[in-house]
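Survey of secondary and tertiary structure
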Amino acid sequence: MANEKLISQICTIQRGLGIIEGVSYGLTDSAGKALADAVQMIDETIKEMLEDGK
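Anyway, here's the lowdown on the structure attached to this text. (Residues numbered from 1 in each chain as written. Predicted model: local features only at pLDDT ≥ 70, side-chain atom pairs only at ≥ 80, totals over all residues. Heavy atoms only, no water.)

Right, let's get into the overall build of the chain. Looking only at helices and strands, one finds two helices and zero strands in the chain. On C-alpha atoms alone, the chain measures out to a radius of gyration of 13 Å, which is more than a quarter above the 10 Å that the 2.2 N^0.38 rule sets for 54 residues. Taken over the C-alpha atoms alone, the chain extends approximately 40 × 20 × 10 Å along its principal axes. Going through the 54 residues of the chain one by one, you find that 11% of them count as buried. With an accessible surface of roughly 4,400 Å², the chain has 62% of that area assigned to carbon and sulfur atoms. (Helix = DSSP H or I, 4+ residues; strand = E, 2+ residues; numbered from the N terminus. Rg over C-alpha atoms; globule rule 2.2 N^0.38 Å. Buried < 20%, exposed > 50% of the residue type's maximum accessible area, 1.4 Å probe, protein only. Areas by Shrake-Rupley, 256 points an atom, 1.4 Å probe, with all protein chains shown as cover.)

This is the structure:
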């Protein structure tokens, strides 16, 4: 049950990151790049967490 909740939470975070990433495309170059970089950092950290948890 705990794993299902964790997976659900990670999916929610990834959906939120997708929204942020989509919005970043409509911003100025510097603001959009900053948001895209932040999304990538968070996404990579999530991937590492999932790999460590296996």
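We now examine the pattern of salt bridges. For the coordinates displayed, the defined rule picks out three salt bridges. For Asp 37, the salt bridge is made with Lys 33, and the minimal N-O distance between the two is 3.1 Å. One end of the pair is Asp 37 and the other is Lys 33, both in helix α2 (residues 29-52) and four residues apart, which spans about a single turn. Classification of Asp 37 as partly exposed rests on a relative accessible area of 32%. A salt bridge links Lys 47 to Asp 43, with the nearest nitrogen and oxygen atoms 3.8 Å apart. Linking Lys 47 with Asp 43, this pair stays in helix α2, spanning four residues, or about one helical turn. For Lys 47, a relative accessible area of 40% gives the class partly exposed. (Salt bridge = Lys/Arg side-chain N within 4 Å of Asp/Glu carboxyl O.)

Relative to the elements of secondary structure, Ser 24 occurs in helix α1 (residues 2-24). Ser 24 sits in the buried class, given a relative accessible area of 4%. Beyond its immediate stretch of four places on either side in the chain, Ser 24 contacts Gly 32, Leu 35 and Ala 36. (Contact = heavy atoms within 4.5 Å.)

A few words on a nonpolar patch on the surface. A contiguous nonpolar patch, built from Ile 19, Ile 20, Val 23, Leu 27 and Leu 35 and spanning about 410 Å² of accessible area, is present on the exposed surface. With three residues, α1 is the largest single contributor of residues to the nonpolar patch. On the accessibility criterion, Leu 35 (31% relative accessible area) is partly exposed. (Patch = residues over 30% accessible without salt bridge, like charges linked within 9 Å, V, L, I, M, F, W, Y side chains within 5 Å.)

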